[in-house]
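What follows is the residue order along each chain.
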Amino acid sequence: MEQNPLERNNGKEARVKTERKEGEPTAAFKGASWAALTVGVSAYLIGLFNAGMELNEKGYYFAVLVFGLYAAVSLQKAVRDKEEGIAVTGIYYGLSWFAVIIAISLMAIGLYNAGSIILSEKGFYAMAFVLSLFAAITIQKNIRDTQLAREKD
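Residues numbered from 1 in each chain as written. Predicted model: local features only at pLDDT ≥ 70, side-chain atom pairs only at ≥ 80, totals over all residues. Heavy atoms only, no water.

Undergrad: Go over the overall build of the chain, please, and point to the residues and values.
TA: Along the backbone of the chain there are four helices and two strands. A buried classification covers 33% of the 153 residues belonging to the chain. Within the chain, residue pairs in contact and separated by at least 24 positions form 68% of the contacts whose partners lie at least 6 positions apart. For the chain, the accessible area works out to roughly 10300 Å², and carbon and sulfur atoms hold 65% of it. (Helix = DSSP H or I, 4+ residues; strand = E, 2+ residues; numbered from the N terminus. Buried < 20%, exposed > 50% of the residue type's maximum accessible area, 1.4 Å probe, protein only. Contact = heavy atoms within 4.5 Å. Areas by Shrake-Rupley, 256 points an atom, 1.4 Å probe, with all protein chains shown as cover.)

Undergrad: So, the packing of aromatic side chains: which residues are in play, and what are the values?
TA: Under the definition given, this model contains four aromatic pairs. Here Tyr-44 and Tyr-125 contribute two aromatic rings whose centre-to-centre distance is 5.7 Å and whose plane-to-plane angle is 80 degrees, an arrangement assigned as edge-to-face. Of the two residues, Tyr-44 sits in helix 1 (residues 27-50) while Tyr-125 sits in helix 4 (residues 119-151), which places them 81 residues apart along the sequence. Pairing Tyr-61 with Tyr-125 gives two aromatic rings, centres 6.2 Å apart and planes at 10 degrees, and the pair type is stacked. Here the residue Tyr-61 occupies a position in helix 2 (residues 55-83), and Tyr-125 occupies one in helix 4, the gap between them amounting to 64 residues. Per residue, the accessibility class of Tyr-61 equals that of Tyr-125, and both read buried. Ring-pair connections join several aromatic residues into one group, and the members of that group are Tyr-44, Tyr-60, Tyr-61, Phe-124 and Tyr-125. One Lys or Arg, Lys-82, reaches over the ring of Tyr-93 and ends 3.9 Å from the middle of that ring. (Phe/Tyr/Trp six-rings, centres within 6.5 Å; stacked < 30°, edge-to-face > 60°. Lys NZ or Arg CZ within 6 Å of the ring centre and 35° of its normal.)

Read these as spatial facts, not as claims about activity.
Right, dumping it as structure tokens:
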């Protein structure tokens, strides 16, 4: 028996129930991914805003975050395209890996050499950075999986 897409909540307002396609991430997983990105980037930026660093140092750490986010999403796309048999040039694939490695290295080198930042703050920035990169990759994967699942129909 097929269910009516309009469901009633004990006589209250009607809602349209959307069905999740096979292979599509759950709404909870999508929400958790966006929440992780929001928390990671917000914590990082709030930490930078409140830091007692010079403006050029803050700019450096901001640029590394933006570069890292872009590089992580680009790498996820390149790896996924290659896995699915979509043409990816060797130079783009290599540059994607190189960009992620450089972004992580710039963050590590910057934190290692930052004499004005105490160790706990260094750990805070490192963890917020890693959380943000991971969340960006996960969101890109969710978007791709959702698109692929909906194209199957």
